[in-house]
Amino acid sequence: LIYCYRKPKTKRAKRFLEKREPKLKENTKNAMLIKGGNANLTVTEVLKDIYAVKKPFAVLYKKKNITRPFEDQTSLEFFSKKSDCSLFLFGSHNKKRPNNLILGRMFDYQVLDMIELGVEKFVSLKDVKNSKCPEGTKPMLIFAGDVFDVNEEYRRLKSLLIDFFRGPSVPSVRLAGLEYVLHFTAVDGKIYMRSYKVLLKKSGCKIPRIELEEMGPSLDLVMRRTHLASDDLYKLSLKQPKALKHKKKKNISHDVFGTTYGRIHMQKQDLGKLQTRKMKGLKKRPAEKSAEDGGVSPKKSKSA
């Protein structure tokens, strides 16, 4: 591909291009939610609810887009570059694949991998009459099922779901901020997605008693088609710049408790030649000096 670089003419265009330049620490990934040309009411409600969970790091396309991601990916790549989104969720419906969702991600504005999921049961946010979490709450992700670690397709689906729902990176976590849980269970060829609100109750001690209250949305999914990136391309997408790699420091070790130990290499020192503070009380007497020299100084004879 040949890219034609045009120098920005305004400060606004310059800021726009600087925002899209490669960075050492990338921004929080945005997701675009696209409705297919034949999406029904169920698929539309699913997209709306996931958009409500993902906000403000999501863009919802309300108009229908007639495209088939597994056959032609040019429109998805165009939308990705236009909205600066590296994640996407495409919803469609037809007789062969009813209530269809395609979850995927981009690398360098090209489709890296995508997985097609079928919605068998759906409970909307508005159907569950409970209090909701505020917008932009970072969820806790829980995955249950051995198949997420054994099967390659399910392992890649787990990676996709973590990328999609993990939200912004935070330096520290407070207890009161842990109020939203997304639980994914894989069993008998199905994936169950459940969302809960965490309630902190009084327990009579410092650690509160935790209760989970179902909040919605709730989805029963089944895996259909997959389009996975090759091992070389997937490895290239995980490559980190050299500036972020941890440099190993010599002669430094850590124990199991996290204590840091450093080893210092020094030459042998002669403490006798060590310069100390000059004081009258620290001066050596003549007898001490002669003892160090190895002999006794002769006494002066008294003159008659």
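Just so it is clear, the structure is predicted and the values come from calculations on it, not from any experiment.

Cut-offs applied
- For every chain, the first residue of the written sequence is number 1, and numbering continues from 1 onward in sequence order.
- With pLDDT at 70 or above as the cut-off, local features in this predicted model cover only qualifying residues; side-chain atom pairs require 80 or more to be listed or tallied, and sums for whole chains, interfaces and linings still use all residues.
- Based on all heavy atoms of the structure, the side-chain values leave hydrogens and waters out of the count.
- Here the rule is simple: two strands pair whenever DSSP picks up at least two bridges between them.
- Numbering of helices and strands starts at the N terminus; helices are DSSP runs of H or I of at least 4 residues and strands are runs of E of at least 2.
- UniProt positions are given in the numbering used here, feature names are shortened, and annotations may be inferred rather than shown by experiment.
- A helix's residues, less one, multiplied by 1.5 Å, set its expected span.
- For every residue, the accessible area (1.4 Å probe, protein chains only) is compared with the maximum for its type, and the residue is labelled buried under 20%, exposed over 50%, or partly exposed between those bounds.

### Quick look at the pairing of strand β8 (residues 190-201)
Walk down a regular strand and you will see the side chains alternate between the two sheet faces. Judged from the eight bridges that link them, strand β7 (residues 180-187) and β8 form a sheet pairing that is antiparallel. Paired with His-183 across the bridge in β8 is Arg-194. Here β7 folds back onto β8 in antiparallel fashion, the turn holding two residues, of which Asp-188 has a positive phi close to 55 degrees. Of the pairings in the sheet, the one linking β8 to strand β10 (residues 218-227) comprises four bridges and is antiparallel in character. Looking at the pairing, Met-193 lines up with Leu-219 of β10. The pairing of β8 with strand β9 (residues 209-214) spans six bridges and is antiparallel. Among the inter-strand pairings, Lys-201 is bridged to a residue of β9, identified as Arg-209.

### Comments concerning the UniProt feature "domain: Brix" (unreviewed entry) in the protein chain
Following the UniProt record, one finds the feature "domain: Brix" (unreviewed entry) at residues 29-232. Secondary structure content for residues 29-232 is 22% helix and 41% strand, while the C-alpha to C-alpha distance between its ends is 22 Å.

### Thoughts on helix α2 (residues 41-54)
Spanning 14 residues, α2 covers 20 Å between terminal C-alpha atoms, matching the ideal 20 Å at 1.5 Å per step. Within α2 the residues assigned to the buried category are Val-43, Thr-44, Glu-45, Val-46, Leu-47, Asp-49, Ile-50, Val-53 and Lys-54.

### Quick word on unusual backbone geometry
The amide bond that connects Lys-55 to the next residue, Pro-56, takes the cis arrangement and shows omega of 5 degrees. In the segment running from Gly-216 into Pro-217, the intervening peptide bond is cis, with an omega of 0 degrees. Following the sequence through the fold, Pro-217 ends up in the loop between β9 and β10.

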